[in-house]
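Descriptive analysis of the structure
Chain by chain, the residues run as shown.
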Amino acid sequence: MYGDTDELLTPAEVSCITRLSLSTLKDKRWRGTGPQFIKLSPGRGGRIRYRRAAVNAWLNGDSSKASA
């Protein structure tokens with residue numbers, strides 16, 4: 001995978017990288033089965049971001065790094 005590993009990605013960007021729909025990605029967040037995410041603001045409408053390293057680790061099946 002390419003890019004700065006600390007880069008923060010939007011759900012739309014992660015959706016393109018993983019080829020998962022936004023709703024599937026949201027469901028995986030809720031279930032705790034997707035890549036680790038960061039919530040930038042509180043509440044249900046809080047902005048979500050993913051570190052590129054966490055997405056790469058999740059895609060490679062390394063759940064220990066993805067949830068660290």
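Everything quoted here is computed from the prediction, not taken from an experiment.

What about the overall build of the protein chain?
The helix and strand tally for the protein chain stands at four helices and three strands. Partitioning the intrachain contacts of the protein chain with sequence separation of at least 6 by distance along the chain shows that 54% fall at a separation of at least 24. On the protein chain, roughly 4800 Å² of surface is accessible, and the fraction owed to carbon and sulfur atoms is 51%.

A few points about the packing of aromatic side chains
Applying the stated criterion across every chain, the model contains one aromatic pair. If you follow Arg29 out to its NZ or CZ, it ends over the ring of Phe37, 6.0 Å from the centre.

A few points about the environment of Leu25
Within the element layout of this structure, Leu25 appears in helix H2 (residues 22-31). It is 8.3 Å that separates the C-alpha atoms of Leu25 and Val14, two residues lying eleven residues apart in sequence. Aside from chain neighbours lying at most four places away, what touches Leu25 is Pro11, Val14, Ser15, Leu20, Pro35 and Tyr50.

So, helix H1 (residues 11-18)
Every buried residue of H1 is accounted for by Pro11, Val14, Ser15 and Thr18. Axial view of H1: buried residues confined to an arc of 105°, hence all on one face. On its buried side, H1 packs onto strand E1 (8-9), H2, strand E3 (48-51) and helix H3 (52-59). Positive phi appears at Arg19, one or two residues downstream of H1, with a value of about 60°.

Description of the packing of H1 against H3
Where H1 meets H3, the axes come as close as 11 Å, and the angle between the chain directions of the two elements is 30°. Regarding the angle of H1 to H3, the classification is roughly parallel. For the pair H1 and H3, the sense of crossing is right-handed. Contacts between H1 and H3 involve Val14, Ile17 and Thr18 from the first element and Arg52, Val55, Trp58 and Leu59 from the second.

Topic: the confidence of the model for the protein chain
A low pLDDT means the predicted coordinates there should not be read in detail. Looking at the protein chain, the pLDDT average stands at 88 and 84% of residues meet or exceed 70. For the protein chain, per-element mean pLDDT is lowest for helix H4 (residues 63-66), which scores 54, and highest for H1, which scores 97.

As for the sheet that holds E1
One open sheet holds the three strands; their spatial order is E1-E3-E2, and the pairing between them is antiparallel. Each end of this open sheet is capped by a strand with a single partner; those strands are E1 and strand E2 (38-39). As paired elements, E2 and E3 share two bridges and run antiparallel to each other. Each bridged residue has a counterpart across the sheet, and for Lys39 the counterpart in E3 is Ile48. Along the sheet, H3 makes contact with E1 and E3, crossing E3 at roughly 70°.

So, how was this worked out
- Residues numbered from 1 in each chain as written.
- Predicted model: local features only at pLDDT ≥ 70, side-chain atom pairs only at ≥ 80, totals over all residues.
- Heavy atoms only, no water.
- Helix = DSSP H or I, 4+ residues; strand = E, 2+ residues; numbered from the N terminus.
- Contact = heavy atoms within 4.5 Å.
- Areas by Shrake-Rupley, 256 points an atom, 1.4 Å probe, with all protein chains shown as cover.
- Phe/Tyr/Trp six-rings, centres within 6.5 Å; stacked < 30°, edge-to-face > 60°.
- Lys NZ or Arg CZ within 6 Å of the ring centre and 35° of its normal.
- Buried < 20%, exposed > 50% of the residue type's maximum accessible area, 1.4 Å probe, protein only.
- Arc of directions from axis to C-beta.
- Axes fitted to C-alpha atoms, helices over the stretch in contact; angles between N-to-C directions.
- Parallel < 35°, antiparallel > 145°, perpendicular 65-115°, else oblique.
- Left-handed = near helix turned anticlockwise from the far one by under 90°.
- pLDDT = per-residue confidence, 0-100.
- Pairing = 2+ DSSP bridges.

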